[in-house]
Amino acid sequence: MANNLSPEERCEKRVSSDSWHQSRCSRKAVTVEDGKRYCRQHTPSLVAAKEVEKTKLYNQKWDRKREEYHRGDVLKRISEGITTVELEKLSPKLLKGLLARIQGERPRQGA
Ligand SMILES: [Zn+2]
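Residues numbered from 1 in each chain as written. Predicted model: local features only at pLDDT ≥ 70, side-chain atom pairs only at ≥ 80, totals over all residues. Heavy atoms only, no water.

**Topic: the coordination of the zinc ion**
Here the zinc ion is held by Cys11 (SG), Cys25 (SG), Cys39 (SG) and His42 (ND1), and the distances to it run 2.1 to 2.4 Å. Taken together, the four donor atoms coordinating the zinc ion span angles of 100 to 117° at the metal, a pattern that classifies the geometry as tetrahedral. Mapped onto the sequence, the donors of the zinc ion take the spacing C-x13-C-x13-C-x2-H. Of the two residues, cysteine 11 is situated in the segment before strand E1 (14–16) and histidine 42 in the loop between strand E4 (36–38) and helix H1 (44–80); the sequence distance between them amounts to 31 residues. Among the residues examined, cysteine 11 registers a relative accessible area of 0% and is labelled buried. The class of histidine 42 is buried, set by a relative accessible area of 13%. (Donors = N, O, S within 2.8 Å, 3.2 Å for Na, K, Ca; no water. Tetrahedral: all angles 85-135°; square planar, octahedral: opposite > 155°, others 65-115°. Helix = DSSP H or I, 4+ residues; strand = E, 2+ residues; numbered from the N terminus. Buried < 20%, exposed > 50% of the residue type's maximum accessible area, 1.4 Å probe, protein only.)

Written out as structure tokens, the structure reads:
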């Protein structure tokens, strides 16, 4: 990637140019962290924040999947017969979703 930036203007991150070689990132540096200049993509604090956000979304997705699975399991058990004691042990969020489903509403996505 050829550009007209001087070395002082460029990001200092080493990136793989192929499987054997590394070269310096060719993008324009926009931040300085720990005395090094970085483009937006390679700024360590932004990379870390992005990773945290990705982990959060991943966890939210699997929490939803787990709850859907649990909800399906509880619905099956309800259809087979569940005691009120067992029902009272369920989380309010799960109960709300179950009631919505029993009443024929579609459960809200991502709620
Ligand atoms: Zn860079």
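**Concerning the side chain of threonine 43**
For threonine 43, the location among the structural elements is in the loop between E4 and H1. Owing to a relative accessible area of 1%, threonine 43 belongs among the buried residues under this scheme. For threonine 43, the side chain forms a polar contact with the side chain of threonine 31, separated by 2.6 Å. Residues contacting threonine 43, with those up to four places away along its chain left out, are Thr31, Glu33 and Tyr38. (Polar contact = N/O pair within 3.5 Å; in protein donor to acceptor, adjacent residues only side chain to side chain. Contact = heavy atoms within 4.5 Å.)

**Re the packing of H1 against helix H3 (residues 92–102)**
Where H1 meets H3, the closest approach of the two axes is 10 Å, and the angle between their N-to-C directions is 60°. Taken together, the axes of H1 and H3 are oblique relative to one another. Handedness of the H1/H3 crossing: right-handed. Residues Glu67, His70, Arg71, Val74, Leu75 and Ile78 of H1 pack against Lys93, Leu94, Gly97, Leu98, Arg101 and Ile102 of H3. Tallied by class, residues from the contact of H1 with H3 come to six nonpolar, two polar and four charged. (Axes fitted to C-alpha atoms, helices over the stretch in contact; angles between N-to-C directions. Parallel < 35°, antiparallel > 145°, perpendicular 65-115°, else oblique. Left-handed = near helix turned anticlockwise from the far one by under 90°. Nonpolar A, V, L, I, M, F, W, Y, C, P; charged D, E, K, R; others polar.)

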